Amino acid sequence: EKNLLKPFFSEEEFANKDKDILIKEFYERIYVTYPFGLAAAKVGGAYIRRVSKDNLISDDEYAAVKNYIDDIEKNLIVLESTDAFKRFIPVTLLIEANFFRLIQTMGRPIPQPIPDIYLRAIARARTLQIQTTEHFSILFYADYLAEKQDKDGVIKLLSAISPATLDSAARNALSSKESIQRLFPHLYNLQQGYPDVEAIYKRLIS
């Protein structure tokens, strides 16, 4: 909802920019004020997309990316220090995993295995009873496994979600062809090609 961003911008800025640009600049302003882990991953991802050429980044550009990685890890330690801050940990882990996926597509090393980060995001969201983050973490992890053509892993993950308790935001994303192609393109392609994956997918959104 674009109007949620209105308090953070001048009237002129808000009127002349679309939602995606406002969201990008919103995260940049957060990151400049304080290297919040979630913002670091978002700004880092935008940086890679801006500077990469043919899915490659230079050594200097990768050095800048490593600064974003360091900021995420430092912030996760800070978030662990206060109970109220701990609620930001699952979504930070989820965005970190997606950020690391992007780094890998550039052929660059990452400090932790991506599956481990997704599993941590799922576990922490479940412990804190943040269902939206839990279900989106499962879906993004399923998309990662779909990219690897791990059909059995995808089925196992999707089967872990009860259709009766599927988060409404996750349901809306899965029920829209445009959304699933944008957010989970590999999962979309896998379920198009395998009837057993398609069956568990349709069961999930029925």
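Residues numbered from 1 in each chain as written. Predicted model: local features only at pLDDT ≥ 70, side-chain atom pairs only at ≥ 80, totals over all residues. Heavy atoms only, no water.

1. A few points about the overall build of the chain
To be explicit about the condition: Starting at the N terminus, helices and strands are each numbered in turn, a helix being any DSSP run of H or I of at least four residues and a strand any DSSP run of E of at least two. Throughout, the radius of gyration refers to the C-alpha atoms, and the reference size of a globule is 2.2 Å times the residue count to the power 0.38. Each residue gets one of three labels from its accessible area relative to the maximum for its type: buried under 20%, exposed over 50%, partly exposed in between, using a 1.4 Å probe on protein chains only. The criterion used for residue contact is that any of the two residues' heavy atoms lie within 4.5 Å. We get accessible surface area from the Shrake-Rupley algorithm with a probe of 1.4 Å; when it comes to residues, only the shown protein chains can shield them. Neither His nor the chain ends contribute to the count of charged residues, in which Lys and Arg are positive and Asp and Glu negative. Charge coordinates come from a single atom per side chain, which is NZ of Lys, CZ of Arg, CG of Asp or CD of Glu.
Each helix and strand counted, the chain has twelve helices and zero strands in total. In the chain, the succession of helices and strands from N to C terminus is α-α-α-α-α-α-α-α-α-α-α-α. For the chain, the C-alpha radius of gyration of 18 Å lies close to 17 Å, the compact-globule estimate for 206 residues. Counting only C-alpha atoms and orienting by the principal axes, one finds that the chain spans roughly 45 × 40 × 40 Å. Looking at the chain as a whole, 44% of its 206 residues qualify as buried. Once local pairs closer than 6 in sequence are excluded, the contacts in the chain between residues at least 24 apart make up 56%. With an accessible surface of roughly 11200 Å², the chain has 53% of that area assigned to carbon and sulfur atoms. Averaging the locations of the 27 positively and 28 negatively charged side chains of the chain gives two centres separated by 3 Å.

2. Thoughts on the packing of aromatic side chains
Under the convention used in this document: Aromatic contacts are taken between Phe, Tyr and Trp rings whose centres are within 6.5 Å, Trp giving its six-membered ring; a plane angle under 30 degrees counts as stacked, one over 60 as edge-to-face, and the others as tilted.
In total, this model carries eleven aromatic pairs according to the counting rule given. Centre to centre, the rings of Tyr118 and Tyr144 are 6.3 Å apart; their planes meet at 50°, and the pair counts as tilted. Highlighted residues: Tyr118 in helix 6 (residues 114-127) and Tyr144 in helix 7 (residues 131-147), separated in sequence by 26 residues. Both residues of the pair, Tyr118 and Tyr144, belong to the buried class. Joined through ring pairs, the aromatic side chains of Tyr31, Tyr47 and Tyr68 make up one cluster.

3. Some remarks on unusual backbone geometry
The backbone of Asp54 sits at a positive phi, close to 55°, despite the residue not being glycine. With respect to the element layout, Asp54 can be found in the loop between helix 3 (37-51) and helix 4 (59-79). Here Asp54 falls in the exposed class, since its relative accessible area comes to 75%. Its identity as a non-glycine residue notwithstanding, Asn55 has a phi of 60°, on the positive side. As for its placement among the helices and strands, Asn55 is situated in the loop between helix 3 and helix 4. In this structure Asn55 comes out as partly exposed when scored by relative accessible area, which is 47%.

4. Comments concerning the confidence of the model for the chain
What counts here: For every residue, the predictor states its confidence as a pLDDT score lying anywhere from 0 to 100.
Mean pLDDT over the chain: 93, with 98% of residues reaching 70 or higher. Of all the helices and strands in the chain, helix 1 (residues 11-16) carries the lowest mean pLDDT, 76, while helix 6 carries the highest, 98.

5. Examining helix 6
Which entries qualify depends on this criterion: One less than the number of residues in a helix, times 1.5 Å, gives the span that helix is expected to have. The arc under discussion is defined with respect to the helix axis, by the directions toward the C-beta atoms.
Its 14 residues place the ends of helix 6 20 Å apart at the C-alpha level, agreeing with the 20 Å of an ideal helix rising 1.5 Å per residue. Among the residues of helix 6, those classed as buried are Ile114, Ile117, Tyr118, Ala121, Ile122 and Ala125. What you see down the axis of helix 6 is that its buried residues fit within an arc of 135°, all on one side. On its buried face, helix 6 is in contact with helix 5 (89-105) and helix 7. Phi turns positive, to about 60°, at Gln129, one or two residues after helix 6.

6. Quick look at the nonpolar core
Let me state the cut-off plainly: What we call a nonpolar core is a set of buried Ala, Val, Leu, Ile, Met, Phe, Trp, Tyr and Cys residues that are connected through their side-chain atoms within 4.5 Å.
Counting residues in each nonpolar core, the largest one holds 60 residues, and the members touching the most others are Val65, Phe99, Ile103, Val154 and Phe184. With sequence-adjacent residues up to four places away left out, Val65 is seen in contact with Tyr47, Ile48, Ile57, Phe99 and Ile103. By size, the runner-up hydrophobic cluster in this structure holds five residues, among which are Leu5, Phe9, Leu22 and Phe26.

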